[in-house]
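Spelled out, the chains give:
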Amino acid sequence: MKFPKDFLFGAASASYQVEGAWNEDGKGLSNWDVFSKIPGKTFENTNGDVAIDHYHRYKEDIKLMAEMGLESYRFSVSWARIIPDGDGEINEKGIEFYNNVIDECLKYGIVPFVTLYHWDLPQNLEADGGWVNKRTIRAFAKYAEVCFEAFGDRVKHWITFNETVVFCTLGYLNGAHPPGLVNDQKKYFQATHNVFVAHAEAVQIYKNLRQFGEIGITHVFNPAFSIDGKEENIFASMHANHYQTFWYYDPILKGEYPSYVVDALKEKGLTPDWTEAELTLLKDAADYNDFIGLNYYQPARVAKINETIESTKIDRDKATGKPGNPSFDGVYRTVMMEDKVYTKWGWEISSEGFLDGLRMLKERYGDVKLYITENGLGDEDPIIDGEIVDVPRIKYIEEHLTVIKSAISEGINLKGYYAWSVIDLLSWLNGYKKQYGFIYVDHKNNLERKKKLSFHWYKHIIETRGEEL
Ligand code: BGP
């Protein structure tokens, strides 16, 4: 079986992780420009000032993507490049840069798949309360509209937000992402709600413009499974799925929050400040949301605990996704299991968990259209005789694409796959050491690009539409 004709084979990146040019051509400061410079926040204090200089080398990079046969490129727009202070003047130079990127993609027939928000918030808004302040909702709606107006004639696939669970958890509970707050549960839930409202507003604006493309959101896909058959651990997995998955997916797809969480928040005095109008907007927008993007790296294996959590602050290395942390409410813990396989950074490799998770989604949300907007292996790639022989990455992607194939044959509505990442880039908390790309970037040699083994492999998969998988 080949992948269906309308299935897109792509790869992804994000503005802060590739662009660099942090203060060029009128770009404003973002929260990451500031946060990454606080000593100790990132691995070896790396930051995105230069990143891999995609801002100046996008032509070379997109040419390589075309050579790889990529059908679609998922990238994000830096809000502070478009509107430097978040909600004021538009920076024409910023518009020009993304026009160039989009046109360069189209020159080769590569479909641009654009994320509006991949974590780099204009610092001016962050300083005014960021996602906790409702001003940011209005600012995002304006920014989204500017992007639709400027690029919507050529961009027909829009993602509003990338991984709300990650930037809110790390930003408001763990102190590991901006704004660096610890254990602020009230703000955490408020921020998530404000993001969902901002998403809903953007969906409405987009549909009113009648540009006839599609719009959705990208979430982490981290389905939770009990470590065994014990009742308390099965309860833990149900609890984890409600807080980590359904809290995020329900408002987008069903237009309402899961009552299991809503009731608990009420009891604890953590209910976000939400208005009837906002709740109605969520309901209305859910009917027009076109798809969900899933970023799948690993499942969660969970066990019940009963702990009082004094502080949810975690060190940088514990904030990088390795299992072992308790949930913020002390109900369960994620667990590393002896019979599972893990990457060098402790992320479980499990294509079975992927398939089981997809089935769980289908059961709850029916036929919703899905894209895998990120999936891939973070590794320190082996170099032999100057060649980057990233065989483990090939194996990883092969296994996950095979699962996608079976999921499609089971009737799961999957329409595309974006490997993370198209090219080696800056990992938020792991610097340049953790590589994901099909294209290698030589940091010792003027950021020179080089094709990895996986580059040739993925090209073949695309050419043959995955027939051999
Ligand atoms: C996702 C983010 C990406 C990317 C990826 C890999 O959560 O959307 O931006 O960073 O994870 O993460 P890491 O670099 O921590 O391995």
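On a predicted model such as this, the values are computed, not experimentally measured, just so you know.

Draft legend 1. Geometry of the overall build of the chain. A count of helical and extended segments in the chain gives 15 helices and 15 strands. Computed over C-alpha atoms, the radius of gyration of the chain comes to 21 Å, within 12% of the 23 Å expected from 2.2 N^0.38 for 469 residues, which places it in the range of a compact globule. Here the C-alpha coordinates of the chain stretch approximately 55 × 55 × 45 Å along the principal axes. For the chain, the proportion of its 469 residues judged to be buried stands at 61%.

Draft legend 2. Examining the packing of aromatic side chains more closely. Across all of its chains, the model carries 49 aromatic pairs by this definition. With a centroid separation of 5.3 Å and 75 degrees between ring planes, the pair formed by Trp131 and Phe161 is classed as edge-to-face. Of this pair, Trp131 sits in the loop between α6 (123-127) and α7 (135-151) while Phe161 sits in strand β4 (residues 157-162), placing them 30 residues apart in sequence. In this structure, Trp131 and Phe161 share a single accessibility class: buried. Each ring, one from Tyr297 and one from Trp347, has its centre 5.2 Å from the other, and the planes form 80 degrees; the classification is edge-to-face. Placement of the pair is Tyr297 in the loop between β7 (291-296) and β8 (300-304) and Trp347 in the loop between β9 (332-334) and α13 (351-365), with a sequence separation of 50 residues.

Draft legend 3. Looking closely at unusual backbone geometry. The residue after Pro178, namely Pro179, is reached through a cis peptide bond having omega 5 degrees. Mapped onto the elements of the fold, Pro179 is located in the loop between α8 (164-173) and α9 (185-209). Between Trp420 and Ser421 the backbone carries a cis peptide bond, its omega angle lying at 5 degrees. Within the fold, Ser421 resides in the loop between β13 (414-420) and β14 (439-442). Here the phi dihedral of Asp53 falls at roughly 60 degrees; this positive angle occurs in a residue that is not glycine.

Draft legend 4. Focus on the pattern of salt bridges. Following the criterion strictly, the structure yields 34 salt bridges and no others. For Asp33, the salt bridge is made with Lys27, and the minimal N-O distance between the two is 2.7 Å. Like Lys27, Asp33 is buried. The partner of Arg74 in a salt bridge is Glu374, and the shortest N-O contact between them spans 3.1 Å.

Draft legend 5. Inspection of the site of the ligand at higher detail. As a structural note, the neighbourhood of the ligand is formed by 15 residues, with Gln17, Glu163, Ser427, Lys434 and Tyr436 the closest of them. Measuring from an oxygen atom of the ligand, one finds a side-chain N or O atom of Asn162 at 2.9 Å. Within the side chain of Lys434, an N or O atom sits 2.7 Å from an oxygen atom of the ligand. Protein chains shield 92% of the accessible area of the ligand, which is 380 Å² for the free molecule. Residues of the shell around the ligand, tallied by class, amount to 6 nonpolar, 6 polar and 3 charged.

Draft legend 6. Main features of the sheet that holds strand β6 (residues 224-226). Taken together, 3 strands build an open sheet; the order of strands is β6-β8-β9 and the sheet is mixed. Two strands lie at the open edges of the sheet, namely β6 and β9, each paired on one side alone. For this sheet the average axis-to-axis angle between neighbouring strands, irrespective of direction, equals 40 degrees. Seen against the sheet, helix α10 (residues 231-253) touches β6, β8 and β9 and runs at an angle of roughly 125 degrees to β8.

Draft legend 7. Structural detail: the side chain of Asp390. With respect to the helices, strands and loops of the structure, Asp390 is situated in the loop between β12 (387-388) and α14 (391-409). Taking relative accessible area as the criterion, Asp390 reaches 0% and is therefore assigned buried. If we skip the residues at most four places from it in the chain, Asp390 touches Asp381, Pro382, Gly437, Lys452, Leu453 and Ser454.

Draft legend 8. Focus on the layout of surface pockets. In this structure, the second largest pocket encloses a volume near 260 Å³. Forming the walls of the second largest pocket are Glu380, Asp381, Ile383, Asp424, Tyr432, Lys433, Gln435, Tyr440, Val441, Asp442, His443 and Lys444. Considering every element that reaches the lining of the second largest pocket, the biggest residue donor is β14, with 3 residues. Taken together, the residues of the lining of the second largest pocket sort by class into 4 nonpolar, 2 polar and 6 charged.

Draft legend 9. Structural context of helix α11 (residues 259-268). Among all positions in α11, only Val261, Ala264 and Leu265 are buried. On an axial view of α11, the arc spanned by its buried residues comes to 100 degrees, and they lie on one face. Structural note: α11 exposes Lys266 and Glu267 on the side pointing more than 90 degrees away from its buried face. For α11, the elements touching its buried residues are α9 and α10. Among the residues trailing α11, Gly269 stands out with phi positive, at a value near 70 degrees.

Draft legend 10. Structural context of the pairing of strand β2 (residues 72-76). Of all the 5 residues making up β2, 5 are buried; the element is thus mostly covered by neighbouring parts of the structure. Side chains Ser72, Arg74 and Ser76 project from β2 onto one buried face, and the interleaved Tyr73 and Phe75 project onto a second face that is buried too. Here β2 pairs with strand β3 (residues 111-117) via 5 bridges, running parallel. Following the sheet pairing, Arg74 is matched in β3 by Phe113.

Conventions adopted
Residues numbered from 1 in each chain as written. Predicted model: local features only at pLDDT ≥ 70, side-chain atom pairs only at ≥ 80, totals over all residues. Heavy atoms only, no water. Helix = DSSP H or I, 4+ residues; strand = E, 2+ residues; numbered from the N terminus. Rg over C-alpha atoms; globule rule 2.2 N^0.38 Å. Buried < 20%, exposed > 50% of the residue type's maximum accessible area, 1.4 Å probe, protein only. Phe/Tyr/Trp six-rings, centres within 6.5 Å; stacked < 30°, edge-to-face > 60°. Salt bridge = Lys/Arg side-chain N within 4 Å of Asp/Glu carboxyl O. Near = heavy atom within 4 Å. Polar contact = N/O pair within 3.5 Å; in protein donor to acceptor, adjacent residues only side chain to side chain. Areas by Shrake-Rupley, 256 points an atom, 1.4 Å probe, with all protein chains shown as cover. Nonpolar A, V, L, I, M, F, W, Y, C, P; charged D, E, K, R; others polar. Pairing = 2+ DSSP bridges. Axes fitted to C-alpha atoms, helices over the stretch in contact; angles between N-to-C directions. Contact = heavy atoms within 4.5 Å. 1 Å grid on protein atoms, 1.4 Å probe; cavity = no way out; pocket = protein on both sides within 12 Å on 5 of 7 lines; lining within 4 Å. Points joined across faces, edges and corners; volume = space filled by probe spheres on them. Arc of directions from axis to C-beta.

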